[in-house]
There are 2 protein chains.
Amino acid sequence: MRSGKGPRETLDRERVVRAAMDLADERGLDALTMRELGRKLGVEAASLYNHVSGKDDVLDGMVEQVVAWIDVPGEDVDWKEAMRRRAVSARAVFARHPWAAGLVDSRERRGPVSLSYADQILGTLLRAGFSPRVAGNAFLALDSYIYGYERQRASIAPADDVDTGDAAREVLEAAREAYPSLMLVAGEYAAEPSDDDTAFAFGLGLILDGLERLVDGG
Amino acid sequence: MRSGKGPRETLDRERVVRAAMDLADERGLDALTMRELGRKLGVEAASLYNHVSGKDDVLDGMVEQVVAWIDVPGEDVDWKEAMRRRAVSARAVFARHPWAAGLVDSRERRGPVSLSYADQILGTLLRAGFSPRVAGNAFLALDSYIYGYERQRASIAPADDVDTGDAAREVLEAAREAYPSLMLVAGEYAAEPSDDDTAFAFGLGLILDGLERLVDGG
DNA sequence: ACCTGAACACCGTTCAAGT
DNA sequence: ACCTGAACACCGTTCAAGT
């Protein structure tokens, strides 16, 4: 490991966190262990504890970096467009780093980057005329959808490791009778492969349009 | 453990899965290890492999049971009301079993209960007049929100382990300047504690109303 | 100041041996 | 048929010892 790029720079928290993200990108979140992370940095696992308080600290660092990557448009942008852009930006980050959505959404986000991110979002909604309560609910609804989307996708899409042998065909035929609606919908997606961006925009649009009616009506 | 209730019934997969859910209820998903599960059943961890193919098999069994607990109204109920009821039912299950939402939504759901569940939902949407494609997107949007909601809630709510010492007050004062919008919204929730059901219904209503406009307009 | 080696208290899983 | 004991290949983390 440590793909030889000159003399070793001195280790610090940031380099450890960056190596952890590289490791998760390359081999998945399960492969991210302190021992493997040490190996990647040319050091024993125990040495990492000089720069990081533990594995949780590494994961927190990763979460903060992921949130920092999400673009949040400034005050010059209309609230609805701003929410749409940051949702799309988040999805782009999650697509580049498959571990990101699950990690961020399984951990408490109390770091300065996450707090400032929430503050900007809520500020945008408050300026748009939403009451504090509704702004909070809107933020919750949007993020629930954004983070939830990434992890739900797999369960509707047909398995990509399907055998096309005779046995498999038989099972599929039985499934068609047992689950007719599911098979009909799955077939539709199989015929014209689902455009993830479109499916994501569908639900996002429902929420944003609903919010718009609230702010216009009130 | 094995709180003495008569002679030991013979072990089987169902009893193992049920014990696993009890253990997760009592001490969290992290405490669910094969060794601990064996202890709870009065047996060595290795013995569990006679009834279950591994820990994944136990987790799959738990997922199927959770999905089975979610009520899905039959064909006599209007599609919108049916979707609302099953969302509320799912949330009630997740409230009773804090580990459930995260577990179900982190795993592929290919068991017969999950497939039949999806088939019923999609059938309801298709009968309501949604095209297969839109029905699929609607299902995805609703589930993204339902599963996402449970895991997002914690990040907006103020920490419940806050010290009220002088140091804590100082930090809070600094936060008020650094994150004014966040503090305003958090204060609103603190003043009148958030009713989870209302907050959940807020986002759910946005999605359902949006879907209704689609089916009425088309 | 940083790193290593060895240890501790855990994991999931396998397998020969018992009954 | 089911269970046990012991082992294997792992974890995260601590800590004395080195430099």
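Criteria and cut-off values
Residues numbered from 1 in each chain as written. Chains lettered and ligands numbered in written order. Predicted model: local features only at pLDDT ≥ 70, side-chain atom pairs only at ≥ 80, totals over all residues. Heavy atoms only, no water. Near = heavy atom within 4 Å. Polar contact = N/O pair within 3.5 Å; in protein donor to acceptor, adjacent residues only side chain to side chain. Nonpolar A, V, L, I, M, F, W, Y, C, P; charged D, E, K, R; others polar. Axes fitted to C-alpha atoms, helices over the stretch in contact; angles between N-to-C directions. Helix = DSSP H or I, 4+ residues; strand = E, 2+ residues; numbered from the N terminus. Parallel < 35°, antiparallel > 145°, perpendicular 65-115°, else oblique. Left-handed = near helix turned anticlockwise from the far one by under 90°. Contact = heavy atoms within 4.5 Å. Domains from an automatic or database assignment. Buried area = accessible area lost by both parts, 1.4 Å probe. Salt bridge = Lys/Arg side-chain N within 4 Å of Asp/Glu carboxyl O. Core = buried A, V, L, I, M, F, W, Y, C linked by side-chain atoms within 4.5 Å. Buried < 20%, exposed > 50% of the residue type's maximum accessible area, 1.4 Å probe, protein only. Least-squares fit on C-alpha atoms with pLDDT ≥ 70 in both.

> Which residues make up the protein's contact with DNA strand C, and what values do they have?
Near DNA strand C lie 14 residues; those nearest to it are E44 and H51 of chain A together with R35, Y49 and K55 of chain B. Between DNA strand C and the protein, one listed contact pairs a phosphate oxygen with a backbone N or O atom of M34 of chain B at 2.9 Å. Tallied by class, residues from the surface near DNA strand C come to five nonpolar, five polar and four charged.

> Help me get a handle on the protein's contact with DNA strand D, residues and values and all.
The environment of DNA strand D is formed by 15 residues, the closest being R35, Y49 and K55 of chain A together with E44 and H51 of chain B. Of what DNA strand D places within 4 Å of the protein, 51% of the atoms are sugar or phosphate. Contact distances for DNA strand D include 2.4 Å between a base nitrogen and a side-chain N or O atom of R35 of chain A. Among the residues forming the surface near DNA strand D, the class breakdown is six nonpolar, five polar and four charged.

> Can you explain the packing of helix α4 (residues 79-96) of chain A against helix α6 (residues 112-127) of chain A? Please cite residues and give values.
Residue and element names in this part refer to chain A. Put simply, α4 and α6 touch, their axes get as near as 9 Å, and they point 150° apart. When the axis of α4 is compared with that of α6, the two are roughly antiparallel. Where α4 crosses over α6, the two elements pack in a sense that is left-handed. Along its contact with α4, which presents W79, A82, M83 and R86, the element α6 presents Y117, I121, T124 and L125. Here the residues of the contact of α4 with α6 are counted per class, giving six nonpolar, one polar and one charged.

> Please set out the domain arrangement of chain A residue by residue, giving values where relevant.
Residues and elements named next belong to chain A. Taken domain by domain, chain A comprises domain 1 (6-52) and domain 2 (63-216). Facing the four residues of domain 1 at the interface are six residues of domain 2. Note on domain 1 versus domain 2: buried area summed over both sides is about 450 Å², and carbon and sulfur give 76% of it. Considering only the side of domain 1, the residues that lose the most area to domain 2 are M21, D25 and L29, jointly responsible for 86% of the buried surface there. Along the contact surface separating domain 1 from domain 2 lie zero salt bridges. For the pair domain 1 and domain 2, the number of links is two residue pairs in polar contact (both at pLDDT 80 or more). Per-class residue counts for the side of domain 1 that touches domain 2 are three nonpolar, no polar and one charged.

> Go over the nonpolar core with me, naming the residues and quoting the values.
When a protein is soluble and globular, its nonpolar side chains tend to lie buried together. Judged by nonpolar contacts, the single largest core of 131 residues is most densely connected at L37 and M62 of chain A together with L37 and M62 of chain B. With near-sequence residues (within four places) excluded, M62 of chain A lies in contact with V17, A20, M21, A24, L29, L32, W99 and L103 of chain A.

> Give me the lowdown on the relation of the copies chain B and chain A, citing residues and values where you can.
Its rotation angle being 180°, the transformation that places chain B on chain A also includes 0.0 Å of axial translation and leaves an RMSD of 0.0 Å. Taken together, the rotation angle and the small translation identify this as a two-fold axis. Of all interface residues in chain B, 100% are interface residues in chain A too; the two copies therefore contact each other through one and the same surface.

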